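Report on the structure
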Amino acid sequence: MPELPEVETTKTSLSPLIGQTVNFVQRHRPNLREPIPSDLDTLTGFVLRLVTRRAKYLLLHFDNVKDNANKTLLVHLGMSGSLLQYDDTHQKDKHDHIIFGFTDAQGTKTLLCYHDPRRFGIVVWADNDAFIDNKDSMADKYLSRLGIEPLDDGFTGDYLYQYIYRRAKGVSKPIKTLIMDQAVVVGVGNIYAAESLFLAKIHPCSPANHLSLAQLDLLVAHIKAILQQAIIQGGSTLKDFKVADNKTGYFQQTLLVYGRAGEMCPTCGAVLENVKLGGRASVYCPKCQPL
């Protein structure tokens, strides 16, 4: 599944389309995880002004100066989605479910295809550029309960410490489950959680309220560093993911523990083990990350 670095990489790769005008939209199926709006073609004549990211959601902001109108699309890549760019000679692929036609100021045409073999993504209206204030919007349904961004200055060890201990008995759930809770902090997916916990020498099953502030400080530092490194390297290409320019990420080549159960720990040589948490594989080193 594309995680925060992959979505951030996709956002960056869409930057060449900013300032370009939509000249057509084709919808090739009625639904993904949510129904695909039947009126996407009303974007014709609109200009893509901005692409932003919130957690693992992309927000494509369009406006039409002529009509003094704006529209925003909310996009989630699901398990296997990608936004891929082609020239106008591209022949539709089986899994190209939505195709946006763009034209730049010189008349060059580009196709942006929402490609999703498993069809578990989301492409819906987020109403308009004031979508966060619209309590009936689809964006509110998906964005209103999200936690802090992991690369924000406010995400600190103390933030996690206060979240864990502000309750009478503290939060006893496993720390890996906590940092993957999107209501606590967004975008720390399974890959990046496993790698960060390994570097911080914290067992994924450690109860959150057994950790000290110093341990949480170290964990947060590694989460930030690993996400930033993954963004620089274009994310982790696992299974179906590609970014908009059809390039793949390289971060998976540096993974220390994720997907390596049964292999030797790169630090101490012990055999890496796997435990299931919330149905997700959690690889760890029993020697470097004692429970």
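Quick note: structure is the one above.
Just so it is clear, the model here is predicted, and its values are computed rather than measured. (Residues numbered from 1 in each chain as written. Predicted model: local features only at pLDDT ≥ 70, side-chain atom pairs only at ≥ 80, totals over all residues. Heavy atoms only, no water.)

As a further point, take unusual backbone geometry. Despite not being glycine, Arg 119 has its phi angle at roughly 60°, a positive value. By the secondary structure assignment, Arg 119 is in the loop between strand E7 (109-115) and strand E8 (122-125). Taking relative accessible area as the criterion, Arg 119 reaches 37% and is therefore assigned partly exposed. With a phi angle near 60°, Lys 201 is a residue other than glycine that sits in the positive phi range. (Helix = DSSP H or I, 4+ residues; strand = E, 2+ residues; numbered from the N terminus. Buried < 20%, exposed > 50% of the residue type's maximum accessible area, 1.4 Å probe, protein only.)

Now for the state of the cysteines. Here the structure, examined in full by the defined rule, presents zero disulfides. Between Cys 268, a free cysteine, and Cys 285, which holds the nearest cysteine sulfur, the sulfur-to-sulfur gap is 3.5 Å. Its relative accessible area of 29% is what places Cys 268 among the partly exposed residues. (Disulfide = S-S within 2.5 Å.)

Right, let's get into the pattern of salt bridges. In this structure the tally under the stated criterion is nine salt bridges. Close ionic contact of Asp 181 with Lys 173 constitutes a salt bridge, the shortest N to O distance being 3.6 Å. Each member of the salt-bridge network shares a partner with another, and the members are Glu 8, Lys 11, Arg 53, Arg 54 and Glu 149. (Salt bridge = Lys/Arg side-chain N within 4 Å of Asp/Glu carboxyl O.)

This part covers the side chain of His 90. Tracing the backbone shows His 90 in the loop between strand E5 (82-87) and strand E6 (96-103). Polar contacts involving the side chain of His 90 include one to the side chain of Asp 96, which spans 2.9 Å. With sequence-adjacent residues up to four places away left out, His 90 is seen in contact with Asp 96, Leu 111 and Cys 113. (Polar contact = N/O pair within 3.5 Å; in protein donor to acceptor, adjacent residues only side chain to side chain. Contact = heavy atoms within 4.5 Å.)

Attention now goes to the layout of surface pockets. Unoccupied space between atoms shows up once a probe the size of one water molecule is rolled over them. Size it by volume and the second largest pocket reaches roughly 170 Å³. Lys 56, Tyr 57, His 76, Leu 146 and Gln 182 are the residues nearest the centre of the second largest pocket, which is lined by 11 residues in total. Of the residues belonging to the lining of the second largest pocket, the class tally is five nonpolar, two polar and four charged. (1 Å grid on protein atoms, 1.4 Å probe; cavity = no way out; pocket = protein on both sides within 12 Å on 5 of 7 lines; lining within 4 Å. Points joined across faces, edges and corners; volume = space filled by probe spheres on them. Nonpolar A, V, L, I, M, F, W, Y, C, P; charged D, E, K, R; others polar.)

With that settled, consider the packing of helix H1 (residues 4-13) against helix H6 (residues 213-232). Between H1 and H6, the shortest axis-to-axis distance is 9 Å and the interhelical angle comes to 40°. Between H1 and H6, the angle falls in the class oblique. For the pair H1 and H6, the sense of crossing is right-handed. Two secondary-structure elements touch here, H1 through Leu 4, Pro 5, Glu 8 and Thr 9 and H6 through Leu 227, Ala 230 and Ile 231. The residue inventory of the contact of H1 with H6, partitioned by class, reads five nonpolar, one polar and one charged. (Axes fitted to C-alpha atoms, helices over the stretch in contact; angles between N-to-C directions. Parallel < 35°, antiparallel > 145°, perpendicular 65-115°, else oblique. Left-handed = near helix turned anticlockwise from the far one by under 90°.)

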